[in-house]
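# Chain and residue survey
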Amino acid sequence: MTYLAPRQGLFAIIILISFCLQTLLLVISTDQQLSNSRQLKGEQMVAQLIDEARLSLENQDRVSLSVIANRYTSEQDVTRLVIKDNNDEVLVPVGNAPMQQGNTISQIATNGDAVIGSVALTLKDISKGEIITMQWPFVIGSLILHLLLLLVYSYVARPTKEQISALSQDIEDVHREQYARRAQAHSRYPEEISQQSETDTNAQAAPHDSASAPMDAKTGPVNTATIHSELNAYLKSQQSADNHSTGTNSAAQGSDGAEQTSMSAAMAQAERKTDATENSTTDRASAKGYDAVKPSAQSSSLSSSRALETISVHITFHDEYNMLERLAPETRMPYLALCTQLLQQALTELLKQPLLLGISAVNKPYFDENGALAVLKADNSHAKVALAGVMLGKLYLMLNKIIHDKHIELSRFALPAKVGVSDEAQVDAMTQLLASVGKKEQMLILLPHAGLKQIGSYVQVQSVKRPTTVYERECAIFDGGNDAMMQRLADVRNSVLMTESEA
């Protein structure tokens, strides 16, 4: 028989209270951290918005301000964004949920000493349910840990066999003492009754005495042999019950052995299925459309120690429905000419940056139906040619985003772009990656360790999710840059746009 641990219910209540307190402290600390981080993020967004919209705010260009503001309201954290002029009149009110309450960050926009307007950015509040949803692995792990503590206590705190035996012995001693006291009580009662009957009926006849004799025989001393026989019968019944439980346990052990045998067979079958799945996965990877060779054969092209002398920036249109091919030539050619002019001007302005000294353009890129290819080379060993390629790709994405939004607003044709940056040895692989993995407004990076080392302190990258080929595993996705680099790109973008407007 299995005995429970003492006060197991009380310990379960303590475990539940501990779990609730731990979850409450987690929610409070996470709420405070997210509030601080969102406050800093909101202040940075407002400052960056003022820098980008200073020229449009001075001219009170509502169209340009709307295009700039819509980029910031695309984030889920921003509920409302209001841009006002110096007379406190609303120029652009945009937002995902204008009526939702939240933390509002306001800042005055100035140009030198003159006040040109103000910007008010509202960030939505963080609910406790969202925090628990974000931290669900920690909550589930904490719950499992508390349940394990409860199970360990219920197992460790159970009474041992020695304690159970001692308790049983104490119970038997108590029962023996109770039986002995009852036997002594029953043995005294007949003597007292007989003495009282002899005193009261001393003058009665012999038949009355003979009638009292059977009563004395019935109520005479207690027959202790009967009590011992009942105890022996009880002990024999307990022994038979123990023998029956032993047989049941042996039968259960036999059934457990059969179950273990069946489980072993099932595990072996599962291993065979796993091997078959791995083989099929290998076949699918080889049929993906890339070079269907083994990784050992690709080690030369994917070598991390290959030289980095030139960088290729491949810019393509994200054209899911082949709209560019169906477009009339009188509309397609001016659009491609505009894209070519933007790219060449961006390349020229970017190479003027002091950070990119020693970088030169190998070709003069032009746009066609397949996109454009710009090739950069390093004139010396200290030139950061990989960083130049990444900055050029990001700069064109920023320019194309503005042109695309403006054309869509004016009901004109425009396409989003995607960029791939690679060295000379991986141009074909990058073309395949852009066609299969690339998304709109996204930049893929396929560089050796030397190139990744050049851009490591300036940009952040992330890996491709669920890669199926060697190239997808080696590829990285641009995930943001530091403040200094993004400020340089914003300045270059403004210079390009000002040059285009003057032209």
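In short, a report on the structure. (Residues numbered from 1 in each chain as written. Predicted model: local features only at pLDDT ≥ 70, side-chain atom pairs only at ≥ 80, totals over all residues. Heavy atoms only, no water.)

Two aromatic rings, taken as a pair, are described by how far apart their centres are and by the angle between their planes. Scanning the model with the defined rule gives five aromatic pairs in all. Each ring, one from Phe 317 and one from Tyr 335, has its centre 5.9 Å from the other, and the planes form 40 degrees; the classification is tilted. Of this pair, Phe 317 sits in strand β5 (residues 310–317) while Tyr 335 is found in helix α9 (residues 329–350), placing the two residues 18 residues apart along the sequence. The same class applies to Phe 317 and to Tyr 335, which are both buried. Through a chain of ring-to-ring contacts, the aromatic side chains of Phe 317, Tyr 335, Phe 367, Tyr 396 and Phe 413 assemble into a single cluster. (Phe/Tyr/Trp six-rings, centres within 6.5 Å; stacked < 30°, edge-to-face > 60°. Helix = DSSP H or I, 4+ residues; strand = E, 2+ residues; numbered from the N terminus. Buried < 20%, exposed > 50% of the residue type's maximum accessible area, 1.4 Å probe, protein only.)

Okay, helix α1 (residues 8–59) next. For α1, which comprises 52 residues, the first-to-last C-alpha distance of 75 Å matches the rise-based estimate of 76 Å (1.5 Å per residue) to within 8%. The largest bend in α1 is about 60 degrees, located at Ala 53. A positive phi of about 55 degrees marks Gln 60, the residue just after α1. (Expected span 1.5 Å × (residues − 1). Bend = angle between axes of the 7 residues up to and from the residue.)

Glancing now at the sheet that holds strand β8 (residues 417–423). Taken together, the seven strands give an open sheet; going across it, the order is β6-β7-β5-β8-β9-β11-β10, and neighbouring strands pair in mixed fashion. Only two strands of the sheet have a single neighbouring strand rather than two, namely β6 (359–361) and β10 (459–463). Across the sheet, the mean angle separating the axes of adjacent strands is 30 degrees when strand polarity is ignored. Pairing geometry for β5 and β8, over seven bridges, is antiparallel. Following the sheet pairing, Ser 312 is matched in β8 by Ser 422. Relative to β5, α9 is tilted by about 150 degrees, and along the sheet it contacts β5, β6 and β7 (372–378). Its contacts with the sheet put helix α11 (residues 427–436) on β5, β8 and β9 (443–446), and the angle it makes with β8 is roughly 155 degrees. (Pairing = 2+ DSSP bridges. Axes fitted to C-alpha atoms, helices over the stretch in contact; angles between N-to-C directions. Contact = heavy atoms within 4.5 Å.)

By the definition in use, this model includes eight salt bridges. The partner of Glu 130 in a salt bridge is Lys 124, with the nearest N and O atoms 4.0 Å apart. The exposure class of Glu 130 is partly exposed, given its relative accessible area of 32%. Given a relative accessible area of 19%, Lys 124 falls into the buried group. When the shortest N-O distance is used, the salt bridge between Lys 401 and Asp 405 registers 3.8 Å. In this pair, Lys 401 and Asp 405 both sit in helix α10 (residues 385–409), four residues apart, roughly one turn of the helix. (Salt bridge = Lys/Arg side-chain N within 4 Å of Asp/Glu carboxyl O.)

Bringing the pairing of strand β2 (residues 90–94) into the picture now. Pairing of strand β1 (residues 78–85) with β2, which is carried by four bridges, proceeds in the antiparallel orientation. Counted as the bridge partner of Val 82 is Pro 93 from β2. In this antiparallel pair of consecutive strands, β1 and β2, the connection spans four residues, and Asp 88 shows a positive phi of 65 degrees.

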